[in-house]
Each structure stands twice: as structure tokens, then as C-alpha cells.
Amino acid sequence: MLNYLWAGMIVIGIIYASFTGRMPDITDAALNSSKEAITLCITMMGVMSFWVGLMEIAAKAGIIGSVSRKIQPLIHFLFPMLPKNHPAQEHITTNIIANVLGLGWAATPAGLKAMEELSKLEDDRRRGRLPGPVRKKGIASNEMCTFLILNISSLQLIPVNVIAYRSQYGSVNPAGIVGAGILATAVSTVMAVIYCKLMEGKRRV
């Protein structure tokens, strides 16, 4: 649907420009936007490479594993049916840490791996290898739904991506968004946890 929407807007803009004699403006806008997009991509690539590298160093140094053990009570609260020391836990922890640091792009690989492990968990439950509620194939488990909703709400203490965008576009105070970002994402995360727990209770009925 969005493809049709964007294509329609582009076609309408070109037709309007051709009838009003503003085709040079369209050409200039296309060239300037391309240049701006490349500059922005290079900037974001540097920022993300730096933070992803730090996350990789933290993982190899055992910091991620240590943090994972320390926040075990939180993980158990959020995912009560997740078996202890399940492979998904480390990926979930890495994803949460990356999201808290505002590294949405860095959180994606860990999120995909976590979903893959949660899918394997569901397969084991269907085969009777592990206890827990069994869902039909193709229906997301409680853990999957909770993990997805937490990713969408995503508490962020340091919105690195937003700060980088603001810096790229000449903001006088790129980090000025931090306070508002923490407040907004804290509220959204609390509401997400409440919603997950309410729905989790309904699914058990």
C-alpha cells in the first residue's frame, strides 16, 4: 500500500511540475535529496559502527553475560514461562541493552535471533519436550508477543539515532531530546508491560 502511495505522490508531483513549468525544481530537489541521503547514511554508518563495535566487545568480554545474569529476575518476570538458561535469554538481553542505549539498528540482529530461539521453543513444546502452553503452528507464543511489544515500546536512556539525526541536520543542542525521550519511552514501556501481563492472564484462562 505504501509503495502505491509514494509512487502516486511522485507521479502527481512530476505531472504538476510539468504543467506549471517547475521541472527544474524537481530535478534540483532530486539531486539535493540524493546528496543529503548519502551524507546521512555515511554519518549514521559511522555512529552505528562505533556502538555496534562496543556491543561486540562487551559480548566477548563477558559483560553481556554478566548483565544477563543480573537482570535475570526482570527477564523471569517478563517471560515467566521461558526455561532457565534458554539460548533466547542472551539474545533478549542483548536486544534490551541495545534498545536502552537507543541502538535500534544494533538491536535488530539480536531481536531476530531471539525470535528464532523462541520459535524453536514453541516447536519443542509442540513435541512435548518442554512444558508450557502449546499454540497452533503460525500463532505467536506469549513470549514472542511480549518481546515484540517491548521492542515497539523500547525504553531508551540514550537515543543515539535521534541525536545523530539532529546533529546531522544542524541542531544547536542535539542531545536536548534525551529528557523527553526517557520520559516518553518510560511511559510507553510501563504501559507495554502492563498490557502484556493483562493479556498473558487472559491467555491462561
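Refer to the structure printed above.
About the criteria used
Residues numbered from 1 in each chain as written. Predicted model: local features only at pLDDT ≥ 70, side-chain atom pairs only at ≥ 80, totals over all residues. Heavy atoms only, no water. Helix = DSSP H or I, 4+ residues; strand = E, 2+ residues; numbered from the N terminus. Rg over C-alpha atoms; globule rule 2.2 N^0.38 Å. Buried < 20%, exposed > 50% of the residue type's maximum accessible area, 1.4 Å probe, protein only. Contact = heavy atoms within 4.5 Å. Areas by Shrake-Rupley, 256 points an atom, 1.4 Å probe, with all protein chains shown as cover. Lys, Arg positive; Asp, Glu negative; His and termini not counted. Charge placed at Lys NZ, Arg CZ, Asp CG, Glu CD. Expected span 1.5 Å × (residues − 1). Salt bridge = Lys/Arg side-chain N within 4 Å of Asp/Glu carboxyl O. 1 Å grid on protein atoms, 1.4 Å probe; cavity = no way out; pocket = protein on both sides within 12 Å on 5 of 7 lines; lining within 4 Å. Points joined across faces, edges and corners; volume = space filled by probe spheres on them. Nonpolar A, V, L, I, M, F, W, Y, C, P; charged D, E, K, R; others polar.

### As for the overall build of the protein
Tallying secondary structure elements over the protein gives 9 helices and 0 strands in all. Secondary structure elements of the protein, listed N to C terminal, follow the sequence α-α-α-α-α-α-α-α-α. Radius of gyration (C-alpha) of the protein: 22 Å, far over the 17 Å computed for a compact globule of 205 residues. Projected onto the principal axes, the alpha-carbon positions of the protein cover approximately 70 × 40 × 30 Å. Here the protein holds 205 residues, and 28% of them are scored as buried. Across the protein, the fraction of contacts at a sequence separation of at least 24, relative to all contacts at a separation of at least 6, is 66%. When the accessible surface of the protein is summed, it comes to about 13,100 Å², and 69% of that surface belongs to carbon and sulfur atoms. Mean positive and mean negative side-chain charge positions of the protein (20 and 12 charges, respectively) differ by 8 Å.

### A word on helix α7 (residues 142–153)
Between its first and last C-alpha, α7 extends 17 Å over 12 residues, near the 16 Å set by a 1.5 Å rise per residue. Among the residues of α7, those classed as buried are Asn142, Glu143, Met144, Thr146, Phe147, Leu150 and Ser153. The first or second residue beyond α7 is serine 154, which carries a positive phi of 50°.

### Section: the pattern of salt bridges
This structure, assessed with the given rule, holds 2 salt bridges. Note that glutamate 116 is salt-bridged to lysine 120, the shortest N-O span being 3.9 Å. Linking glutamate 116 with lysine 120, this pair stays in helix α6 (residues 104–126), spanning 4 residues, or about one helical turn. What makes lysine 120 partly exposed here is its relative accessible area of 41%. Where lysine 120 meets glutamate 117, a salt bridge forms, and the shortest distance between an N and an O atom there is 3.9 Å. Here lysine 120 and its partner glutamate 117 are both found in helix α6, 3 residues apart, which amounts to about one turn of the helix. What you see here is one network of salt bridges that share partners, running through Glu116, Glu117 and Lys120.

### Considering the layout of surface pockets
In this model, the second largest pocket occupies a volume close to 210 Å³. As for the second largest pocket, its lining consists of 13 residues, and the residues nearest its centre are Leu78, Ile96, Leu150, Leu155 and Thr189. If you list the elements that add at least two residues to the lining of the second largest pocket, you get α4 (72–78), α5 (87–100), α7 and α9 (178–204). The biggest single contributor to the lining of the second largest pocket is α5, with 4 residues. Of the residues belonging to the lining of the second largest pocket, the class tally is 8 nonpolar, 5 polar and no charged.

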